[in-house]
Amino acid sequence: MIRTMPRGGKRAGAGRRSLFPGNDLKPFAMDFTPAGRKVLDGICRRTKLSRNDVITYLVSEHGAALELTADGVVYPGKAQAVLTIRMPTIPGAVLLAAHARTGKSYSDIGEALVREYGPLAQFPTL
């Protein structure tokens, strides 16, 4: 049998291109309301970026300035479809700082960024 590719591992150039390639990615669990998920999916379609890239970019650009002052859960009625958002160490640290500063969940922070800043943000192109 002749094999043209080695077995196992990833192929060079395979998969979706990323704004943040080759980084040590940290996972964060985020859930969105149906309205927030619709906005996120619309941004992904418009920009041709992955959910990870969209949220990582928004955290990098606006995470330090985000203020959530409402008590309790800011965006109730989550869709119960938790996403694992992976981001590099530095934006992850910004997200952790926003979590500590606001006392809100990663889901509320992600949804706030997507709903408030997402439609107006100028995303980079690949």
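Everything below is about the structure printed above this text.
Let me begin by describing the structure that accompanies this report. Per chain, residues are indexed from 1 in the order of the written sequence. Local features are withheld for residues below a pLDDT of 70 in this predicted model, meaning they are given only at 70 or higher, and side-chain atom pairs are given and counted only at 80 or more; totals for whole chains, interfaces and linings count all residues. Note that the side-chain values use all heavy atoms of the structure and ignore hydrogens as well as water.

A few points about the overall build of the protein
Here is step 1: For the protein, the count of helices and strands is 4 helices and 2 strands.
Here is step 2: Numbering of helices and strands starts at the N terminus; helices are DSSP runs of H or I of at least 4 residues and strands are runs of E of at least 2. Going residue by residue from the N terminus, the α and β elements of the protein occur as β-α-α-β-α-α.
Here is step 3: Burial classes follow relative accessibility: with a 1.4 Å probe on protein chains only, a residue under 20% of its type's maximum area counts as buried, one over 50% as exposed, and anything between as partly exposed. In the protein, buried positions account for 36% of the 126 residues.
Here is step 4: Note on definitions: a residue-residue contact is assigned when non-hydrogen atoms from the two residues lie within 4.5 Å. Sequence-distant contacts, at least 24 apart, represent 88% of the contacts inside the protein between residues at least 6 apart.
Here is step 5: Areas reported as accessible are Shrake-Rupley estimates using a 1.4 Å probe. Residue values count occlusion only from the protein chains shown. Surface summary for the protein: the accessible area is close to 7800 Å², and the carbon and sulfur share equals 54%.

Observations regarding helix α4 (residues 106-117)
Here is step 1: Between its first and last C-alpha, α4 extends 16 Å over 12 residues, near the 16 Å set by a 1.5 Å rise per residue.
Here is step 2: All buried positions along α4 are accounted for by Ser107, Asp108, Ile109, Gly110, Glu111, Ala112, Leu113 and Val114.
Here is step 3: As for α4, its buried residues are in contact with β1 (26-30), α1 (34-47), α2 (51-62) and α3 (89-102). To estimate how far a helix should extend, the number of its residues minus one is multiplied by 1.5 Å.

A closer look at the packing of aromatic side chains
Geometrically, a pair of aromatic rings is defined through the distance of the ring centres and the angle of the planes.
Here is step 1: Working definition: rings of Phe, Tyr and Trp (its six-membered ring) pair if their centres are within 6.5 Å, and the pair is stacked with planes under 30 degrees apart, edge-to-face with planes over 60 apart, and tilted otherwise. A complete count under the given rule lists 2 aromatic pairs for this structure.
Here is step 2: Plain terms: the ring middles of Phe28 and Tyr106 are 5.1 Å apart, the flat faces sit at 75° to each other, and that makes the pair edge-to-face. Here Phe28 is found in strand β1, whereas its partner Tyr106 is found in helix α4, with 78 residues between them in sequence.
Here is step 3: Classification of Tyr106 as partly exposed rests on a relative accessible area of 21%.
Here is step 4: Aromatic side chains Tyr57 and Phe123 sit 5.1 Å apart centroid to centroid with 50° between the ring planes, which places their arrangement in the tilted category. Placement of Tyr57 in helix α2 and of Phe123 in the segment after α4 is noted, with a sequence separation of 66 residues between them.
Here is step 5: Accessibility expressed as a relative area gives 12% for Phe123, which makes it buried.

Observations regarding the pairing of strand β2 (residues 83-87)
Here is step 1: Judged by which residues are buried, β2 turns out to be one-sided: Leu83, Ile85 and Met87 face inward and are buried, whereas Thr84 and Arg86, on the alternate face, are not.
Here is step 2: Any two strands are treated as partners once DSSP identifies two or more bridges connecting them. Both β1 and β2 contribute to a ladder of 5 bridges, which runs antiparallel. Bridging across to β2, Lys26 finds its partner in Met87.

A look at the nonpolar core
Here is step 1: By nonpolar core is meant a set of buried Ala, Val, Leu, Ile, Met, Phe, Trp, Tyr and Cys residues that side-chain atoms within 4.5 Å join together. The biggest cluster of nonpolar side chains holds 26 residues, and the ones touching the most others in it are Leu40, Val54, Ile55 and Phe123.
Here is step 2: When contributions to this core are tallied by element, the ones reaching two or more residues are β1, α1, α2, β2, α3 and α4.

Here we look at α2
Here is step 1: Taking 1.5 Å per residue, 12 residues should reach 16 Å; α2 reaches 16 Å between its end C-alpha atoms and fits that length.
Here is step 2: Restricting attention to buried positions, one finds in α2 the residues Asp53, Val54, Ile55, Thr56, Tyr57, Leu58 and Val59.
Here is step 3: Elements in contact with the buried residues of α2: β1, α1, β2, α3 and α4.

Brief notes about the environment of Phe20
Here is step 1: Along the chain, Phe20 turns up in the segment before β1.
Here is step 2: Residue Phe20 is classed as partly exposed on the basis of its relative accessible area of 21%.
Here is step 3: Measuring from C-alpha to C-alpha, the distance between Phe20 and Pro88 comes to 7.3 Å, with 68 residues separating the pair along the chain.
Here is step 4: Setting aside residues no more than four positions away along its own chain, Phe20 makes contact with Asp53, Thr56, Tyr57 and Pro88.

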